[in-house]
Amino acid sequence: MNKRRIGTSELYASELGLGCMSLSPDLGKENENIVKTALDHGINYFDTADLYNFGWNEELVGKLLKDVRQDIILATKGGNEWNESKDSWNWNPSKKYIKSALKESLRRLQTDYIDLYQLHGGTIEDPLDETIEAFEELVSEGLIRYYGISSIRPNTISYYAEHSNIQSVMMQYSLLDRRPEELFPYLKTKGISVVARGPIAKGWLSEKAFMKNRGDKFLSYTGFDIQQQLEKVKELIPKDEKLTQTALKFILSHSIVATAAAGASSTEQLLENINTFNSPKLTESERKELEALFPAEIYESHRVQKA
């Protein structure tokens, strides 16, 4: 599988990454099968977070990847602190918490360093310089190699781009949510990559979309709208190509996207995603046709929910 550089770092991520949030205690042995299949097909980017399943996700990822630790890019996130009853969490970007959370992630992941440590959210009201200082100290201490943020707030992103050494911004990005594109030119000038999460838009860009309720919504689209437009997409793509594969190809048609961190809750689903790379890339005209079907919106507010 082709690899792309994350920012200006020495990290080269597989174009398809594995968003590990989709791994679950309910999957049992299938979790191991999914990770093994990913490795067997050249996926080297694995993304988790301390928030997922109260740390269980990190523990599983650490267990399944410890034997190949030197061959992969291990990415995790921090900044959300569970309360004592574990029924909610608080946003805590303080230097003290970020550094302590990272050490707990290292323990759960069974490693002594993280390749890409990401701030899991953020607002412009945060103690931004203090948070940046925490990340810089973690780099100097050898506990993380590089850092980034997971955010969809333009003003927060721009502050980190101007005042820190972030290598990436993780953003929800798909054919149905093209808002990040307004930031692509700016991020490109800064040498910062995008890690795309949600490239299948919660299943709306797959065959499952036709089984969803037409009255449901995804951003400004209704289920009915999406189903109608996907019928038109089918007319544009080869008959043997899955909608998920078209969705992934669209994301990766932008060079600023270092990797599409797609989840998979079954080996079959993962293999379908991987099969994307067995067919030709989108041409410029094909991309424009898809863009015409799903016009880009803009961020209505710089203060949107945590990413």
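Summary of the structure given here.

Calculation criteria
Residues numbered from 1 in each chain as written. Predicted model: local features only at pLDDT ≥ 70, side-chain atom pairs only at ≥ 80, totals over all residues. Heavy atoms only, no water. Helix = DSSP H or I, 4+ residues; strand = E, 2+ residues; numbered from the N terminus. Rg over C-alpha atoms; globule rule 2.2 N^0.38 Å. Buried < 20%, exposed > 50% of the residue type's maximum accessible area, 1.4 Å probe, protein only. Areas by Shrake-Rupley, 256 points an atom, 1.4 Å probe, with all protein chains shown as cover. Core = buried A, V, L, I, M, F, W, Y, C linked by side-chain atoms within 4.5 Å. Contact = heavy atoms within 4.5 Å. Pairing = 2+ DSSP bridges. Axes fitted to C-alpha atoms, helices over the stretch in contact; angles between N-to-C directions. Parallel < 35°, antiparallel > 145°, perpendicular 65-115°, else oblique. Left-handed = near helix turned anticlockwise from the far one by under 90°. Nonpolar A, V, L, I, M, F, W, Y, C, P; charged D, E, K, R; others polar. Salt bridge = Lys/Arg side-chain N within 4 Å of Asp/Glu carboxyl O. Phe/Tyr/Trp six-rings, centres within 6.5 Å; stacked < 30°, edge-to-face > 60°.

Focus: the overall build of the chain
- When its secondary structure is counted, the chain shows 10 helices and 14 strands.
- For 307 residues, the compact-globule formula gives about 19 Å, and the C-alpha radius of gyration of the chain, at 19 Å, lands near that figure.
- If you line up the chain on its principal axes, its C-alpha atoms span 55 × 45 × 40 Å.
- Here the chain, with 307 residues, has 56% of them falling under the buried criterion.
- Surface summary for the chain: the accessible area is close to 13800 Å², and the carbon and sulfur share equals 48%.

A few points about the nonpolar core
- Membership of the largest hydrophobic core comes to 78 residues, with the highest contact counts inside it found for Leu18, Phe46, Tyr117, Met171, Leu176 and Leu187.
- If near-sequence neighbours (up to four positions away) are discounted, Met171 is found in contact with Ser151, Ile152, Ile157, Pro180, Leu183, Phe184, Leu187, Val194, Val195, Ala196, Arg197 and Tyr299.
- Ranked by size, the runner-up nonpolar core spans 12 residues in total, among them Ala75, Tyr146, Met170 and Ala258.

Observations concerning the sheet that holds strand β3 (residues 16-19)
- With parallel pairing, the eight strands of this closed barrel are ordered in space as β3-β4-β5-β8-β9-β10-β11-β14. Across the sheet, the mean angle separating the axes of adjacent strands is 30° when strand polarity is ignored.
- Running over the sheet, helix α8 (residues 243-252) touches β3, β11 (193-197) and β14 (257-262) and is turned about 155° from β14.

Remarks on the packing of helix α1 (residues 30-40) against helix α2 (residues 56-65)
- Look at α1 against α2: their axes get within 11 Å of each other, and the N-to-C directions meet at 55°. By the angle between their directions, the pair α1 and α2 is classed as oblique. The chirality of how α1 crosses α2 is right-handed. Residues Asn31, Glu32, Val35 and Leu39 of α1 lie in contact with α2, whose contacting residues are Trp56, Leu60, Leu64 and Leu65.
- Looking at the contact of α1 with α2 residue by residue, the class counts come to six nonpolar, one polar and one charged.

Describing the pattern of salt bridges
- By the definition in use, this model includes 21 salt bridges.
- Members of the salt-bridge network, linked through shared partners, are Lys95, Lys99, Glu133, Glu137 and Glu141.

Digging into the packing of aromatic side chains
- According to the stated counting rule, one finds five aromatic pairs in the structure shown.
- Seen from their ring centres, Phe135 and Tyr147 are 5.0 Å apart, and the 20° between their planes marks the pair as stacked. Highlighted residues: Phe135 in helix α4 (residues 128-140) and Tyr147 in strand β9 (residues 144-150), separated in sequence by 12 residues. Judged on exposure class, the residue Phe135 and its partner Tyr147 are both buried.
- Ring geometry for Tyr173 against Phe184: centres 5.3 Å apart, planes inclined by 80°, an arrangement best described as edge-to-face.

Section: the packing of α1 against helix α9 (residues 267-274)
- Two numbers describe how α1 lies on α9: the axes approach to 9 Å, and their chain directions differ by 20°. One finds that α1 runs roughly parallel with respect to α9. Considering how the two elements wind past one another, α1 and α9 form a crossing that is right-handed. Across the interface between the two elements, Glu30, Asn33, Ile34, Thr37 and Ala38 of α1 pack against Thr267, Leu270, Leu271 and Ile274 of α9.
- Considered class by class, the residues forming the contact of α1 with α9 number five nonpolar, three polar and one charged.

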